[in-house]
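Topology and contacts: notes
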Amino acid sequence: MNEFPAGGGTEPMPGEGAEGAPQSDSRIAELEARVAVLAAESEKHREEWLRAKAETENVRRRGAEDVSKAHKFGIESFAAGLLGVKDSLDMALAVDAPTVESIKSGVELTARQLEAVFEKYALKPIAPAAGDKFDPHVHQAISQVESDLPANTVAAVLQKGFTLHDRVLRPALVTVAKPVEKNAE
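Residues numbered from 1 in each chain as written. Predicted model: local features only at pLDDT ≥ 70, side-chain atom pairs only at ≥ 80, totals over all residues. Heavy atoms only, no water.

Buried together is how nonpolar side chains tend to be arranged in soluble globular proteins. Counting 5 residues, the largest nonpolar core is built from Ile126, Val154, Ala172, Val174 and Val176. Among the elements that make up this core, the one with the highest residue count is strand β6 (residues 172–178) (3 residues). Those residues in contact with Val176 that lie beyond four places of it in its chain are Phe134, Ala141, Ser143, Gln144, Val145, Asn152, Thr153 and Ala155. (Core = buried A, V, L, I, M, F, W, Y, C linked by side-chain atoms within 4.5 Å. Buried < 20%, exposed > 50% of the residue type's maximum accessible area, 1.4 Å probe, protein only. Helix = DSSP H or I, 4+ residues; strand = E, 2+ residues; numbered from the N terminus. Contact = heavy atoms within 4.5 Å.)

The following block contains the structure:
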């Protein structure tokens, strides 16, 4: 079962001369050359890996900067749209002797400006009518009130809700109808 030659491997290998030294030297030189080639390839792969790692780190850093800028300046155009509304409010406050009609007219104009900005940025109101089916996805029930309306329908809207690109930003605050309790008398 012993596969090793007797005598500690000192016998010449097949193809070696009786002494074995010249072929062993050429084999060693061949193996050293192979090791040098592999070492060069290893160094080349190491440098490529280091470059790829550095590039990945740069991409990660740039991505983090982009996310930071998006958070910081994401509302820039929306804020710019609101500046006209702010200007209108400032002009209304600067009037020396406003009349009720001028105040009402100014508020209506400002409300239209605000609605235009909301529309431009897909900010839509949630304003259910009385009798609409209560939808817990867009309505928040504050209480139930006895009503002649069908049960689980909106009885009244206390505050409009809003969606931003069809995502609920704030649900509408509503009261929900419940059947009128009849006295047992």
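Now, onward.
In this section: helix α3 (residues 100–120). Look at α3: 30 Å from first C-alpha to last across 21 residues, which is about the 30 Å you get at 1.5 Å a residue. Looking at α3, one finds that the buried residues are Thr110, Val117 and Phe118. Around the axis of α3, the buried residues are gathered within 100° of arc, so they sit on the same side. Exposed residues pointing more than 90 degrees away from the buried face of α3 are listed as Glu101, Lys104, Arg112, Glu115, Glu119 and Lys120. Looking at the residues trailing α3, positive phi occurs at Ala122, about 60°. (Expected span 1.5 Å × (residues − 1). Arc of directions from axis to C-beta.)

When you line up the elements, Leu164 lands in strand β4 (residues 161–164). Between the alpha carbons of Leu164 and Pro125 there is a distance of 9.1 Å; along the sequence they are 39 residues apart. Apart from the residues lying within four places of it in its own chain, the contact partners of Leu164 are Tyr121, Ala122, Leu123 and Leu169.

Here the focus is the side chain of Thr175. When you line up the elements, Thr175 lands in strand β6. Using a relative accessible area of 9% as the deciding quantity, one classes Thr175 as buried. Apart from the residues within four sequence positions on either side, Thr175 is in contact with Ser143, Val145, Thr153, Val154, Ala155, Ala156 and Leu158.

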